[in-house]
Amino acid sequence: MRIAQQATFWIVVGAIALIAVVLLRQIMLPFVVGTLLAYLLVPAVDMLERRNINRTLAALTVFLPLILGIIAALLVLFPVIIGELRFFIEEFPRYVARLQSLATDASRSWVHSILGDDLHIEQSSVDVAKTMGTKWLDGVVTSVWSSGRAVLSLLSLLVVTPIIAIYLAIDWHRMIATVDGWFAPKYRNDIRQLGREIHEAVAGFVRGQFVICLVLALLYSTALKLIGLNHAILIGATAGIISFVPYLGAGTGILVSVCVAVDQFWPNWAPVAAVGGVFIVGEVFADYVLSPRLIGRRVNLNPVWMMFALFAFGALFGFIGVLLAIPVAASLGVILRFARRKSLGRSAHNASTTAM
């Protein structure tokens, strides 16, 4: 009976949490970001507290410089990023047209032998590229700043998020102890073990992947800049940041940078090959050097499961779902492995008891 009551309680809690995320997803962003920020930086606060620093002061010491630095960087870099993005989008149709003119050149008979003589893709593709141009960017920026909800969301993200993160970091261990008290004493050891495994998987992956994305963004940007590619910093930084989705960063980087490189360097193939090689080397470096050291095999997250979680949660809950996808996917994987291990252990114990 006790097990049924515990299961019912947690099913109800889970259902309420899911309904809250669905109904309140428009205002959840500061709370989700603040919780994730607190979760990632609580170890730093704990370290300062162990050095006899008041926990409130320790939280302020950790969070305030970081948050002020992020706000300052956004204020300084946002106009630069928008300007570079606008320039890139203005030029991208020309890159596509140049690539098509090379691919459909009448002197290259191999193209016609494969695709036939009726090649009428130049104008249509350029038109498609233009629809992704400055009108799209202007529309997005205008809608963001003209929408009162968007401005309110931005202000709440910059103001409310730090407050939530600081309060959660201060009360973190008290909240954990409160949740721990919700479980029956008989199951607390198992729940604590499960919690440690979830923490190890989520924290290990998120922190490690965050560092990997920053390293790849710096690596891609620097290497493309040394090659002399136009928009090197924008392309490299974007490819590095979205590398938390397996192979998406490298694939996107190769596709976009090769289009730019062909237009810029043709008919010299060496820089084009070097641009593609940058992303191949970066992906190999991340998979075989950075991931084993920063994440390790203990975080057993299948890339296909992770991509499914990102797309599924993003489709269901928007940007909030993207933020929650990796922690939830990692937690579900740990819970399923934990339940399977316990079930197998219980079956082996029953079998040995029966044999005796």
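Calculation rules
Residues numbered from 1 in each chain as written. Predicted model: local features only at pLDDT ≥ 70, side-chain atom pairs only at ≥ 80, totals over all residues. Heavy atoms only, no water. Helix = DSSP H or I, 4+ residues; strand = E, 2+ residues; numbered from the N terminus. Buried < 20%, exposed > 50% of the residue type's maximum accessible area, 1.4 Å probe, protein only. Contact = heavy atoms within 4.5 Å. Areas by Shrake-Rupley, 256 points an atom, 1.4 Å probe, with all protein chains shown as cover. Phe/Tyr/Trp six-rings, centres within 6.5 Å; stacked < 30°, edge-to-face > 60°. pLDDT = per-residue confidence, 0-100. Patch = residues over 30% accessible without salt bridge, like charges linked within 9 Å, V, L, I, M, F, W, Y side chains within 5 Å. Salt bridge = Lys/Arg side-chain N within 4 Å of Asp/Glu carboxyl O. Axes fitted to C-alpha atoms, helices over the stretch in contact; angles between N-to-C directions. Parallel < 35°, antiparallel > 145°, perpendicular 65-115°, else oblique. Left-handed = near helix turned anticlockwise from the far one by under 90°. Nonpolar A, V, L, I, M, F, W, Y, C, P; charged D, E, K, R; others polar. Expected span 1.5 Å × (residues − 1). Bend = angle between axes of the 7 residues up to and from the residue. Core = buried A, V, L, I, M, F, W, Y, C linked by side-chain atoms within 4.5 Å.

Colleague: Would you take a moment to explain the overall build of the chain for this structure?
Modeller: A count of helices and strands for the chain gives 14 helices and zero strands. When the helices and strands of the chain are listed from N to C terminus, the series reads α-α-α-α-α-α-α-α-α-α-α-α-α-α. The burial tally for the chain puts 32% of its 356 residues in the buried class. Across the chain, the fraction of contacts at a sequence separation of at least 24, relative to all contacts at a separation of at least 6, is 72%. As displayed, the chain offers around 21600 Å² of accessible surface, 71% of which is attributable to carbon and sulfur atoms.

Colleague: Explanation requested: the packing of aromatic side chains in the structure shown.
Modeller: Two descriptors summarise a pair of aromatic rings, namely the distance from one centre to the other and the angle between the planes of the rings. If you walk through the whole model with that rule in mind, you get two aromatic pairs. Taking the centre distance of 6.0 Å and the plane angle of 45° together, the rings of Tyr 39 and Trp 172 count as tilted. Residue Tyr 39 is located in helix α2 (residues 29-50), and its partner Trp 172 is located in helix α8 (residues 172-180); the two are separated by 133 residues in the primary sequence. Where Tyr 220 meets Phe 279, the ring centres are 4.6 Å apart and the plane angle is 40°; that geometry is what we call tilted. A residue pair is termed long-range when its members are at least 10 positions apart, and Tyr 220 in helix α9 (residues 188-227) and Phe 279 in helix α12 (residues 269-294) qualify at 59 residues. Here Tyr 220 and Phe 279 have matching classes, each one buried.

Colleague: Just to check I follow, could you spell out the confidence of the model for the chain for this structure?
Modeller: Predicted coordinates in areas of low pLDDT are best not read in detail. Averaged over the chain, the pLDDT score is 75; the fraction of residues at 70 or greater is 76%. With pLDDT under 50 throughout, residues 119-126 is counted as low confidence; its partners more than four residues away or in other chains account for twelve contacts. Note that residues 143-148 has pLDDT below 50 and, in this model, five contacts with residues that lie over four places away or in other chains.

Colleague: I would appreciate a short explanation of a nonpolar patch on the surface in the present structure.
Modeller: A surface patch of nonpolar side chains, amounting to about 560 Å² of accessible area, comprises Leu 18, Ile 19, Val 22, Leu 23, Leu 24 and Ile 27. With respect to the helices and strands, the residue Ile 19 is situated in helix α1 (residues 2-23). On the accessibility criterion, Ile 19 (48% relative accessible area) is partly exposed.

Colleague: Explain the packing of helix α11 (residues 248-265) against α12 here, please?
Modeller: Helix-helix packing is described using two parameters, namely the angle between the two axes and the distance between the axes. Contact pair α11 / α12: the axes reach a minimum separation of 8 Å and the direction vectors enclose 165°. Viewed along their axes, α11 and α12 adopt a mutual orientation that is roughly antiparallel. As α11 packs across α12, the resulting crossing turns out to be right-handed. In this structure, α11 uses Ala 250, Gly 253, Ile 254, Ser 257, Val 258, Ala 261, Val 262 and Phe 265 to contact α12, whose residues at the interface are Pro 271, Val 272, Val 275, Gly 276, Phe 279, Ile 280 and Glu 283. In terms of residue class, the contact of α11 with α12 is made up of eleven nonpolar, three polar and one charged.

Colleague: Looking at this model, I keep getting lost on α2. Mind explaining?
Modeller: Along an α-helix, residues three or four positions apart point the same way, because every turn accommodates 3.6 residues. In a regular helix each residue adds 1.5 Å, so 22 residues correspond to 32 Å; α2 covers 32 Å between its end C-alpha atoms and thus fits that length. Taken as a whole, α2 carries its principal kink of about 45° at Leu 41; the proline Pro 43 stands between one and four residues after it. Of all the residues in α2, the buried ones are Pro 30, Val 32, Gly 34, Ala 38, Tyr 39, Val 42, Val 45, Asp 46 and Leu 48. Asn 52, located one to two residues past α2, shows a positive phi value of around 65°.

Colleague: Quick question: what am I supposed to make of the environment of Phe 317 here?
Modeller: Counting through the fold element by element, Phe 317 comes out in helix α13 (residues 303-317). Looking at Phe 317, the relative accessible area reads 11%, which means it is buried. With 294 residues separating them along the chain, Phe 317 and Leu 23 place their C-alpha atoms 9.8 Å apart.

Colleague: Any chance you could explain the nonpolar core here in plain terms?
Modeller: Soluble globular proteins tend to bury their nonpolar side chains together. The biggest cluster of nonpolar side chains holds 27 residues, and the ones touching the most others in it are Phe 88, Tyr 220, Leu 224, Leu 229, Ile 235 and Phe 279. Listed by contribution, the elements that provide at least two residues to this core are α3 (55-103), α9, α10 (232-241), α11 and α12. The contact partners of Leu 229, leaving out residues within four places of it in the chain, are Leu 224, Ile 235, Ser 257, Val 260, Ala 261, Gln 264, Phe 265 and Val 275.

Colleague: Help me out: how do you make sense of the pattern of salt bridges in this one?
Modeller: Opposite charge on two side chains permits them to pair, given that their charged atoms come into close proximity. Going through the model one piece at a time under the given rule, you end up with four salt bridges. Residues Asp 46 and Arg 55 are paired through a salt bridge, measuring 2.7 Å at the closest nitrogen-oxygen approach. Classification of Asp 46 as buried rests on a relative accessible area of 14%. With relative accessibility at 10%, the residue Arg 55 sits in the buried group. With its nearest N and O atoms 3.4 Å apart, the salt bridge here joins Arg 174 to Asp 171. Under the relative-accessibility criterion, Arg 174 is labelled exposed at 59%. Take Asp 171: its relative accessible area is 24%, and that puts it in the partly exposed class. Bridged by salt links that share partners, the residues Asp 46, Glu 49 and Arg 55 form one connected network.

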